[in-house]
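If you want the building blocks of each chain, they are given just below.
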Amino acid sequence: MFSFTRYKRYFLKRQFKKLLLEKENNRIVSQKEIKTVGILTTDEISNWANLQEEVEKLLNIRNPKIYSFKSHRKQHQQELSNKHFSERDFGWNGNINQPNFKTFIEEPFDLLIGYFNKDNLYLENAVLHSKATFKVGISKVNQQLYDIEIAEVFRKPNKFLLELKKYLKILRKIKN
């Protein structure tokens, strides 16, 4: 039998593919210097890596903002904080329902880092809907989402960020 969740995922995936093609054809890459950073990741990654601190230190960016995907099943009795989102925060058509998360997605960050290494419809939707002007992620997730993909050891965020820093210097998006 076709469950409610599977039905929702089907429509969400269909809407995602349509929007991805549309955005890919109209993509404009920003040339401005990076001053604001947003990070999208999973709750599991947030538990073993302090990405905010690493970004501040290695990219010399103040106050990066982060949101982590936390499966609704894993947080069934916990209340979501303003740093987490789940599949329940997406509607049938891919629209984001949670006000705090919607504000994060609509913020025009100079850089959005998608730090996750597995396909995740909800994280990918968040990256796609983000109003960030420059998007970077880990390679082999979904190359259509990002302006730059970095192939680096996933469990070592500092190496990923050092590689990112090299590219951002070449593109003159950061100083030093």
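Scroll up for the structure.
Parameters and conventions
For every chain, the first residue of the written sequence is number 1, and numbering continues from 1 onward in sequence order. Since the coordinates come from a predicted model, pLDDT governs what is reported: local features require at least 70, and pairs of side-chain atoms require 80 or more to be given and counted, while whole-chain, interface and lining totals use all residues. With hydrogens and water stripped out, all remaining heavy atoms of the structure feed into the side-chain values. Helix and strand definitions here come from DSSP, where helices need a minimum of 4 consecutive H or I residues and strands a minimum of 2 consecutive E residues; each element is numbered from the N-terminal end. Here, two residues are considered to be in contact whenever any of their heavy atoms come within 4.5 Å of each other. Type-normalised accessible area, obtained with a 1.4 Å probe on protein chains alone, sets the label of each residue: buried when under 20%, exposed when over 50%, and partly exposed for intermediate values. Each nonpolar core is a collection of buried residues, namely Ala, Val, Leu, Ile, Met, Phe, Trp, Tyr and Cys, held together in the definition by side-chain atoms within 4.5 Å. Ring geometry is summarised as follows: Phe, Tyr and Trp rings, the Trp one being its six-membered ring, pair when their centres sit within 6.5 Å, and such pairs are stacked at plane angles under 30 degrees, edge-to-face over 60 and tilted between the two. Two joining distances apply to patches: 9 Å for like charges and 5 Å for nonpolar side chains (Val, Leu, Ile, Met, Phe, Trp, Tyr), and every residue must have over 30% relative accessible area and no salt bridge. Reported accessibility uses the Shrake-Rupley method at a 1.4 Å probe radius. Residues are deemed covered only where the shown protein chains occlude them. Salt bridges are identified by distance alone: a Lys or Arg side-chain nitrogen within 4 Å of an Asp or Glu carboxyl oxygen. Axes here mean lines fitted to C-alpha atoms, for a helix over just the part in contact, with angles spanning 0 to 180 degrees between N-to-C directions. Angle categories are assigned with fixed cut-offs, so that under 35 degrees is roughly parallel, over 145 is roughly antiparallel, 65 to 115 is roughly perpendicular, and the rest are oblique. Crossings are sorted by hand: turned counterclockwise from the far helix by less than a right angle, the near helix makes the crossing left-handed, and turned clockwise it makes it right-handed. Amino acid classes used here: Ala, Val, Leu, Ile, Met, Phe, Trp, Tyr, Cys and Pro are nonpolar; Asp, Glu, Lys and Arg are charged; the rest, including Gly, are polar. At least two bridges found by DSSP between two strands are what make those strands a pair.

As a further point, take the environment of Arg88. Among the structural elements, Arg88 can be located in the loop between strand E3 (84-85) and helix H4 (99-106). In the structure, Arg88 is positioned 34 residues away from Tyr122 in sequence and 9.7 Å away in space, judged by C-alpha atoms. Discounting chain neighbours no more than four positions away, the residues touching Arg88 are Lys8, His72 and Asn97.

This part covers unusual backbone geometry. The backbone phi angle of Asn63 is positive, close to 50°, even though this residue is not glycine. Accessibility expressed as a relative area gives 60% for Asn63, which makes it exposed.

Quick look at the nonpolar core now. Formed by 51 residues in total, the largest nonpolar core has its most connected members in Leu40, Phe85, Phe101, Leu111, Ile113 and Leu164. Broken down by element, this core gets its largest block of residues, six residues, from helix H5 (residues 121-129). Contacts of Phe101, omitting those with residues within four sequence positions, involve Leu40, Tyr67, Phe85, Phe90, Ile96 and Ala126.

Another point: the packing of aromatic side chains. The final tally for this structure, using the stated rule, is 12 aromatic pairs. Aromatic pair Tyr67 and Phe104: ring centres 4.9 Å apart, planes at 50°, arrangement tilted. With Tyr67 in strand E2 (residues 65-69) and Phe104 in helix H4, this pair connects stretches of sequence that are 37 residues apart. For Phe104, a relative accessible area of 5% puts it in the buried group. Ring centres of Phe69 and Tyr122 lie 5.7 Å apart, and the angle between their planes is 5°; this geometry places the pair in the stacked category. Highlighted residues: Phe69 in strand E2 and Tyr122 in helix H5, separated in sequence by 53 residues.

Further remarks concern a nonpolar patch on the surface. A cluster of nonpolar side chains, contributed by Tyr167, Ile170 and Leu171, occupies part of the molecular surface with about 300 Å² of accessible area. Of note, Leu171 is situated in the segment after helix H6 (157-170). Residue Leu171 is classed as partly exposed on the basis of its relative accessible area of 41%.

A few words now on the packing of helix H3 (residues 51-59) against H6. Their axes nearest at 10 Å, the elements H3 and H6 cross at an angle of 40°. On the basis of their axis angle, the class for H3 and H6 is oblique. Regarding H3 and H6, the two cross each other, and that crossing is right-handed. Between H3 and H6, the contacting residues are Leu51, Glu54, Val55, Leu58 and Leu59 on the first element and Pro157, Asn158, Leu161, Leu162, Leu164, Lys165 and Leu168 on the second. Split by residue class, the contact of H3 with H6 holds nine nonpolar, one polar and two charged.

With respect to the secondary-structure elements, Ser130 resides in the loop between H5 and strand E5 (135-138). Setting aside residues no more than four positions away along its own chain, Ser130 makes contact with Ile105, Leu112 and Lys135.

The next point concerns the sheet that holds strand E4 (residues 111-115). Read across the open sheet, the six strands follow the order E3-E2-E1-E4-E5-E6; overall the sheet is parallel. Sheet topology places E3 and strand E6 (148-150) at the edges, where each strand pairs with a single neighbour. For E5 and E6, the ladder comprises three bridges, and the chain directions are parallel. Looking across to E6, one finds that Gly137 is bridged to Glu149. Running over the sheet, H4 touches strand E1 (37-42), E2 and E3 and is turned about 125° from E2. Running over the sheet, H5 touches E1, E2, E3, E4 and E5 and is turned about 165° from E1.

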